[in-house]
Amino acid sequence: MTQQAHDHRPPHSGNRTPRLTEVPAFTEMIAQGWSTDVVPARVPDGAAEAAAAHRARLAERLGGRTVVVGAGRAPVRSNDTSYDFRADSDFVWLTGCQLEDAVVVLHGADAVLYAPPPARPGDPAFFSDAMHGELWVGASPGLGEWARALGVPVRPLAELDDALAHGSGWWAGRAVPADVVARHGLEPSAELARACADLRMVKDAWEVAQLRAAVDHTVTGFEAVAREIPAAVRSGGERWLQGTFDRHARTTGNGPGYASIVGSGPHAPTLHWVRCDGPVLPDAALLLDMGVETTTLYTADVTRTVPASGRFSPEQRAVHDLVEKSHRAGMAHIRPGVNYLDFHYAAMEVIAQGLHDWGLLPVSVDEALSPQGQHHRRWLVCGIGHHLGLDVHDCAHSDWEQYMGADLEPGVVMTVEPGLYFHAHDLTVPPELRGIGVRLEDDLLVTPDGHEVLSDALPIDAAGVEAWTSALLPAGA
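These numbers come from a predicted model, not from an experiment. (Residues numbered from 1 in each chain as written. Predicted model: local features only at pLDDT ≥ 70, side-chain atom pairs only at ≥ 80, totals over all residues. Heavy atoms only, no water.)

(A) Fine view of the overall build of the chain. Assigned secondary structure in the chain consists of 16 helices and 19 strands. Across the 477 residues in the chain, those meeting the buried criterion constitute 50%. Considering only contacts within the chain whose residues lie at least 6 apart along the sequence, 68% involve residues at least 24 apart. Total accessible area on the chain stands at roughly 22,800 Å², and carbon and sulfur atoms take up 53% of it. A distance of 4 Å separates the average location of the 36 positive side-chain charges in the chain from that of its 62 negative side-chain charges. (Helix = DSSP H or I, 4+ residues; strand = E, 2+ residues; numbered from the N terminus. Buried < 20%, exposed > 50% of the residue type's maximum accessible area, 1.4 Å probe, protein only. Contact = heavy atoms within 4.5 Å. Areas by Shrake-Rupley, 256 points an atom, 1.4 Å probe, with all protein chains shown as cover. Lys, Arg positive; Asp, Glu negative; His and termini not counted. Charge placed at Lys NZ, Arg CZ, Asp CG, Glu CD.)

The structure is reproduced here in structure tokens:
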């Protein structure tokens, strides 16, 4: 007679899986037997010192006013999953760190950072919080490690309410949670956003170094993309090249600083072609607008238009030559003491004259360039430059007078990016121009005696672009 087997499985009828937080045996077991190794806070060299200098500049600008600035929280992507967290740029500029949900309170230049402590063994969130528990997301630095790395006091986020309880009229940044603002009578402040934007226009030496690194990594990313053009032509198309650059950006930095634009042929004239769901056509011009964001969150923003075959067609080259001429005219006006918009007007004048020479303008060049005209902008409707830094379109909260109405200063980093965009369905241009889009974009640092093109490792003339592309295409491609 054989021994009857014992089935220890619970019956199926109506039983629910137990909530682990409500099972004492499990919660006791999961809380024990873990090592207590210290995880250091990873703060890039110089970031804490730069942030301290930024806080001093803001305190001077605001007369010592108390302000509250938040890091923000990753938005929900779908249901219970979120996008990758990217901290608010003003918060990063003032603290040098990227802690989700953290809030910094500045009494003048004196900072106290409030942050959520890690959810470690013994804390039910260790295993129950899939967004923050260390069992899910890995071991994290403690508040003490952050305090030592940043050089500022770091307190548990739970103490923020007490810290704000006795404030009156304190200004709040845009990423401070709305419930915190309402609970403590904080004042959401456009002036705080403007002050940070204005101060961020002139980069210090540490920030310039971050932007140099971003540009250098972007240049090597362009090279990686060019090598993959034949593969993208065979299969994979625009997304293969977009993915190539994005992988490079995540390997060399934090990731792409914005959605990478890869437009082949008729997609190139679409200004923000981030869908990248088309083929890479072997005989078409290929517009690449891409930038690496460093681990410190400073980003490059570079565009080149390259021939997928290694050689431009006569029509593609003619468009490229006109854009190059406009680009050089714009860059020639980047120097201290020159009004910000001078580069824009110089570049636009070249574009308007070229379009007139081609017989595309229905009016004179002067009428097109007049404020009441702007006919040439049909093929260049976007802006052709912007400040660059922690945001790809940096300092956007500044007033017109401080941005476009101001003179350039040493330390400003900006882009120059004219282009021409002839859409495939644009019946106002000759058939041979339809479906050609060309943009040239470089990142420039204003120096005491002129400017430096940070992205000058990439050629801008058509012959140079052809030679650069051909040298990177695999043999026999």
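(B) Structural context of the sheet that holds strand 7 (residues 171-172). What the six strands build is an open sheet, ordered 6-5-4-1-7-8; its pairing is mixed. The strands lining the two open edges of the sheet, one partner per strand, are strand 6 (154-156) and strand 8 (187-188). Sheet topology note: the strand 4 (residues 103-107)/strand 5 (residues 110-115) ladder contains five bridges and is antiparallel. When the sheet's bridge partners are listed, His107 is paired in strand 5 with Asp110. Its contacts with the sheet place helix 6 (residues 143-150) against strand 5 and strand 6, and it is angled at close to 160° to strand 6. (Pairing = 2+ DSSP bridges. Axes fitted to C-alpha atoms, helices over the stretch in contact; angles between N-to-C directions.)

(C) Up close: the nonpolar core. If you look at the biggest cluster of nonpolar residues, it comprises 121 residues, and the most contacted ones within it are Leu58, Leu113, Leu420 and Phe422. For this core, the element with the highest residue contribution is helix 10 (residues 205-227), accounting for nine residues. Other than its neighbours up to four places away in sequence, Leu420 contacts Val319, Leu322, Val323, Ile351, Leu355, Trp358, Trp379, Ile436, Gly437 and Val438. Listed in part, the twelve residues of the second largest apolar core include Val68, Leu164, Trp170 and Val181. (Core = buried A, V, L, I, M, F, W, Y, C linked by side-chain atoms within 4.5 Å.)

(D) Here's a closer look at helix 13 (residues 314-331). With 18 residues, helix 13 extends 26 Å from end C-alpha to end C-alpha; this agrees with the ideal 26 Å at 1.5 Å per step. Among all positions of helix 13, only Gln316, Val319, His320, Leu322, Val323, Glu324, Ser326, His327, Ala329, Gly330 and Met331 are buried. (Expected span 1.5 Å × (residues − 1).)

(E) Summary view of the packing of helix 2 (residues 47-62) against helix 9 (residues 190-200). For the pair helix 2 and helix 9, the least separation of the axes is 10 Å and the interaxial angle reads 125°. When the axes of helix 2 and helix 9 are compared, the pair comes out oblique. Considering only the axes of helix 2 and helix 9, their crossing is right-handed. On the side of helix 2, the interface is formed by Arg57, Leu58, Arg61 and Leu62, while helix 9 contributes Glu191, Leu192, Arg194, Ala195, Cys196, Asp198 and Leu199. Among the residues making up the contact of helix 2 with helix 9, the classes are represented as six nonpolar, no polar and five charged. (Parallel < 35°, antiparallel > 145°, perpendicular 65-115°, else oblique. Left-handed = near helix turned anticlockwise from the far one by under 90°. Nonpolar A, V, L, I, M, F, W, Y, C, P; charged D, E, K, R; others polar.)

(F) Representation of a nonpolar patch on the surface in the model. A grouping of Trp34, Leu135, Trp136 and Val137 is seen on the molecular surface, where their side chains present a nonpolar patch of about 430 Å² in accessible area. Secondary-structure assignment places Val137 in helix 5 (residues 134-137). Overall, the relative accessible area of 47% leaves Val137 in the partly exposed class. (Patch = residues over 30% accessible without salt bridge, like charges linked within 9 Å, V, L, I, M, F, W, Y side chains within 5 Å. Salt bridge = Lys/Arg side-chain N within 4 Å of Asp/Glu carboxyl O.)

(G) Summary view of the pairing of strand 18 (residues 442-447). The buried count for strand 18 comes to six of six residues, which makes it a mostly enclosed element. Sheet topology places strand 15 (residues 413-416) next to strand 18; four bridges connect them, and they run antiparallel. Pairing of Thr415 across the sheet is with Asp443, part of strand 18. The loop that links strand 18 with its antiparallel partner strand 19 (residues 450-453) comprises two residues.

(H) Up close: the packing of aromatic side chains. One pass over the structure, following the stated rule, counts seven aromatic pairs. Measuring from centroid to centroid gives 5.9 Å for Trp206 and Tyr298, while their planes differ by 85°, and the two rings are edge-to-face. Linking Trp206 in helix 10 with Tyr298 in the loop between strand 12 (292-293) and strand 13 (302-307), this pair joins segments that are 92 residues apart in sequence. For the residue pair Trp206 and Tyr298, the accessibility class agrees, reading buried in each case. A network of ring pairs unites the aromatic residues Tyr340, Phe343 and Tyr403 as a single cluster. (Phe/Tyr/Trp six-rings, centres within 6.5 Å; stacked < 30°, edge-to-face > 60°.)

(I) Here's a closer look at the environment of Ala163. Looking at the secondary structure, you find Ala163 in helix 7 (residues 160-164). On a C-alpha basis, the gap between Ala163 and Tyr114 in space is 9.5 Å, while along the polypeptide they are 49 residues apart. Once residues within four sequence positions are removed from consideration, Ala163 is found in contact with Tyr114 and Trp170.

(J) Representation of the packing of helix 13 against helix 14 (residues 342-357). Where helix 13 meets helix 14, the closest approach of the two axes is 7 Å, and the angle between their N-to-C directions is 155°. In terms of orientation, helix 13 and helix 14 fall into the roughly antiparallel class. The handedness of the crossing between helix 13 and helix 14 is right-handed. For the pair helix 13 and helix 14, contact is made by Leu322, Lys325, Ser326, Ala329 and Gly330 and by Phe343, Ala346, Ala347, Val350, Ile351, Gly354 and Leu355, respectively. Each residue belonging to the contact of helix 13 with helix 14 can be placed in one class, and the counts come to eight nonpolar, three polar and one charged.

(K) The pattern of salt bridges, seen in detail. Taken as a whole and judged by the stated rule, the model has 26 salt bridges. When the shortest N-O distance is used, the salt bridge between Arg174 and Asp90 registers 3.1 Å. Taken together, the positions of Arg174 in the loop between strand 7 and helix 8 (178-184) and Asp90 in helix 3 (residues 89-95) put the pair 84 residues apart, joining distant regions of the chain. Classification of Asp90 as buried rests on a relative accessible area of 6%. A salt bridge links Asp426 to Arg378, with the nearest nitrogen and oxygen atoms 2.8 Å apart. Placement of Asp426 in the loop between strand 16 (419-422) and strand 17 (436-439) and of Arg378 in the loop between helix 15 (365-369) and strand 14 (385-387) is noted, with a sequence separation of 48 residues between them. Three or more residues joined by partner-sharing salt bridges are found here, namely Asp88, Asp90, Arg174, Arg200, Lys203, Asp391 and Asp394.

(L) Structural context of helix 6. Within helix 6, the full set of buried residues consists of Leu143, Glu145, Trp146 and Leu150. The arc enclosing the buried residues of helix 6, seen along the axis, measures out at 160°, which places them on a common side. Of the surrounding elements, those touching the buried residues of helix 6 are helix 2, helix 3, strand 5 and strand 6. In the stretch just after helix 6, Gly151 is the one whose phi turns positive, near 75°. (Arc of directions from axis to C-beta.)

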